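Descriptive analysis of the structure
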Amino acid sequence: MLWLAGAAAVAAGIIVPLALGGRGALAATASIPRIDAVALGALVIASAVARAIKLRVLAMRLGHRVGVGRALITAFASDAAFQATPAGAGGYPATVLLLRRGGMPAAAGVALSAADQALDSLFFALALPLACVFDLGNAVPAAWHAFAWLPAGIVLVAMATAAGAWRLRARWWPPLRGQLLRLRWLRERREPLRAFCMGVLADLSRLRNGSPLVTLALVLAVAAQWVARYGVLWFALAALGHALPFGLVFVAQSVALHAAQWTGVPAGIGGGDVALAAALSPWAPLAVLAPALLLWRLATFHTVLLLGAIALACDRRHVAVPTVAASEA
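Residues numbered from 1 in each chain as written. Predicted model: local features only at pLDDT ≥ 70, side-chain atom pairs only at ≥ 80, totals over all residues. Heavy atoms only, no water.

A few words now on the overall build of the protein. Each helix and strand counted, the protein has 16 helices and zero strands in total. Residues counted as buried form 41% of the 329 residues belonging to the protein. Partitioning the contacts of the protein with sequence separation of at least 6, the portion at a separation of at least 24 is 76%. Carbon and sulfur atoms provide 72% of the accessible area of the protein, an area that totals close to 17100 Å². (Helix = DSSP H or I, 4+ residues; strand = E, 2+ residues; numbered from the N terminus. Buried < 20%, exposed > 50% of the residue type's maximum accessible area, 1.4 Å probe, protein only. Contact = heavy atoms within 4.5 Å. Areas by Shrake-Rupley, 256 points an atom, 1.4 Å probe, with all protein chains shown as cover.)

A few words on the nonpolar core. Membership of the largest hydrophobic core comes to 38 residues, with the highest contact counts inside it found for Leu233, Leu237, Leu244 and Phe250. Listed by contribution, the elements that provide at least two residues to this core are α3 (34–61), α6 (106–134), α12 (212–239), α13 (246–260), α14 (271–280) and α15 (286–314). Looking at this core, the element that brings in the most residues is α15, giving eight residues. When sequence neighbours within four positions are dropped, the list of residues in contact with Phe250 reads Phe123, Phe124, Ala127, Leu128, Ala131 and Tyr230. (Core = buried A, V, L, I, M, F, W, Y, C linked by side-chain atoms within 4.5 Å.)

What follows concerns the environment of Ala127. Along the chain, Ala127 falls in helix α6. Sequence separation of Ala127 and Val227 is 100 residues, and the distance between their C-alpha atoms is 9.8 Å.

With that out of the way, let us pick up the UniProt feature "transmembrane region" (unreviewed entry) in the protein. Here, the residues flagged by UniProt with the feature "transmembrane region" (unreviewed entry) are residues 37–53, 146–168, 234–257 and 269–288. A distance of 15 Å separates the end C-alpha atoms of residues 234–257, which is 75% helix and 0% strand. (UniProt positions renumbered as here; feature names shortened; annotations may be inferred.)

Shown next as structure tokens:
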């Protein structure tokens, strides 16, 4: 079923933009200069390389050495897993598995993936309000500015809720643990699971501490990853002769794609394309948006899948199970 959903998404990534713009979208896409097409691919590669740097820096903070090749394979292959699975659910398990093949214990991989997600969430919580305030252009509805700080507020509320739940864990954890231990499978694996959870918590604590230079490197890597990825649509519009403010395209993508993820379709294909076309239609005609969306999907979805397949093909190094087990012990 997962393969069928992925194949349908691959086809829909081309069909939906063509349906929005008709034959004109395909003709406009084919007419862009070759150097612009190369630049679109370079933005996608730059995004993956920035994530590979982020993974290496996080691993270094945990005291694990992740080689350049392993970091690149993990970044490219896990990006493809994010795109190919509903709501991106396969991305983080793929990250943990690929890092484990490189010798990193599973607990450290889970902690690293959690930190990866937290950094991405903080970036969007800060970038969206800044984009709304400074780079939406003049012809933007006042509501876009009025809700500029909503994403940051949502993230802060979520963080406060998580912190409150952690502080009150002595009240809710014992009864929940009692219910969980009623399951035989969990009772039989109680000690290994406890050791694993303690390892994840210890690694998360280590990730919170580090030198300011390492923190700065993480900030720059996260910013480069998402600016490059979300810059693809902006560059495609500019290549078609209809440049828009970067902040406007960034906000439209952020809202449309995150909402489309809830449809369960890989990469939010279909809903995300239509939502983006509707959001940007006041500033660009459909004759420009349709080929831009087609270029955007070809770069951020089809190219990512191709690069992920190449990365998996290059993943020839498999760490022996006893070696990984020894490192986890």
